[in-house]
Each structure stands twice: as C-alpha cells, then as structure tokens.
Amino acid sequence: LVARAAGTGLDVTLRLEGSREGLPAPAVQTAYRVVRESLTNALRYASGAPVHVLVRGGATAIDVEVVNDAAADADADAVAGYGTGNGLRGLRERVGAAGGRLEAGPRESGGWRVAAWIPCAVAAAVEDAG
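Computed from a predicted structure; not experimentally measured.

Peer 1: Which residues make up the overall build of the protein chain, and what values do they have?
Peer 2: Helix and strand counts for the protein chain come out as five helices and five strands. Reading the secondary structure of the protein chain in the N-to-C direction produces α-β-α-β-β-α-α-β-β-α. Within the protein chain, the proportion of its 130 residues that are buried is 36%. Put simply, the protein chain shows about 7400 Å² of open surface, and 51% of that area lies on carbon and sulfur atoms.

Peer 1: Go over the sheet that holds strand 5 (residues 112-119), please, and point to the residues and values.
Peer 2: Strands in a sheet are paired, the pairing made by backbone hydrogen bonds, and the direction either parallel or antiparallel. Pairing is mixed across the open sheet formed by five strands, whose spatial order is 1-2-3-5-4. Across the chains shown, the open sheet's two edge strands, defined by having one partner strand only, are strand 1 (12-18) and strand 4 (101-106). The mean inter-strand angle of the sheet, taken between neighbouring strand axes irrespective of direction, is 10°. Most of the contacts of helix 2 (residues 25-45) go to strand 3 (residues 61-68), to which it runs at about 5°, and overall it touches strand 1, strand 2 (51-57), strand 3, strand 4 and strand 5. Set on the sheet, helix 4 (residues 86-97) makes contact with strand 4 and strand 5; between it and strand 4 the angle comes to about 155°.

Peer 1: Residue-level account of the side chain of Asn 41, with values.
Peer 2: Turning to its location among the elements, Asn 41 is positioned in helix 2. Look at Asn 41 and you get buried, because its relative accessible area is 13%. If we ignore the near neighbours within four places in the chain, the residues touching Asn 41 are Ala 46 and Leu 88.

Peer 1: With reference to specific residues and values, describe the side chain of Thr 30.
Peer 2: Mapped onto the elements, Thr 30 comes out in helix 2. For Thr 30, a relative accessible area of 6% translates into the label buried. Here Pro 26 takes part through its backbone oxygen, which lies 2.9 Å from a polar atom of the side chain of Thr 30. Contact partners of Thr 30, with chain neighbours within four places excluded, come to Arg 94, Val 95, Ala 98 and Ile 118.

Peer 1: Mind laying out the pairing of strand 3, listing which residues take part and the relevant values?
Peer 2: Of all eight residues in strand 3, six are buried; the element is thus mostly enclosed. Where strand 2 and strand 3 come together, seven bridges link them in antiparallel fashion. Of the residues in strand 3, the one forming a bridge with Val 51 is Asn 68. As consecutive antiparallel partners, strand 2 and strand 3 are separated by three residues. Looking at chain direction, strand 3 and strand 5 are connected through eight bridges and run antiparallel.

About the thresholds
Residues numbered from 1 in each chain as written. Predicted model: local features only at pLDDT ≥ 70, side-chain atom pairs only at ≥ 80, totals over all residues. Heavy atoms only, no water. Helix = DSSP H or I, 4+ residues; strand = E, 2+ residues; numbered from the N terminus. Buried < 20%, exposed > 50% of the residue type's maximum accessible area, 1.4 Å probe, protein only. Areas by Shrake-Rupley, 256 points an atom, 1.4 Å probe, with all protein chains shown as cover. Pairing = 2+ DSSP bridges. Axes fitted to C-alpha atoms, helices over the stretch in contact; angles between N-to-C directions. Contact = heavy atoms within 4.5 Å. Polar contact = N/O pair within 3.5 Å; in protein donor to acceptor, adjacent residues only side chain to side chain.

Read these as geometric descriptors, not functional statements.
As structure tokens, then:
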C-alpha cells in the first residue's frame, strides 16, 4: 500500500514497530483501511507534503498514526468543504465497530494527523461472530 502510494509521487515513509506475528486478521484489515484512507486524503489535500506512517503492533492492540505536513502551496480555503467527510466518518465507524478509537484532525503546526487504536481481542471476537 505504501509502495503504491509512493509510486504516485507521494513522499511517504513507513515505520513498523512491535510485533506483527499472530495479529488477528480483522485488526490488521482495520489498520490497513486507516492507512489507505489517510494516504488517499494526504494525496488529495496535501499533495507534495511528506507523509509519515507508523504502525505499532502489540499483544493487545495495533496503533496506527499517519501524519502529513501541509502542502507547500496549500491554500486552506481552496480545499475547504471539498470532501464529503464520508471517508473519515466511515473509518471512525469501522474502527469503533472493532472496539477501537480514531482521532483525526488538523495539527497545530499545519497538516493533518490520523491516529487509531485497534484492540486485538475485540477485533478477533468480531471475526468469530461474523
């Protein structure tokens, strides 16, 4: 996913931390969707700005953080109201359904931050029930 985004010209870096062994598929899929939506938004609204993706796996949860700087030629008024907001709203619902939390919003220094905490136990239980 990150390599594909980089292939579009997005200046993106990925840092993986913690354990990635034995994580439940639903938690991993939710983390993937957080990264995908975040990269899509960064490409759309902050083209040319660096994007940093951090995925940290643990025994109890996966933490995902995607941070981008403001585009050098960013005009906040030009993109205000451009999106429907459905991408982040849907993502918040998906993360919530997995028992997690999602935060998304502008950074004080400019740019945007998306952070998700996705529990492994609840995500696994959702898969078993589905």
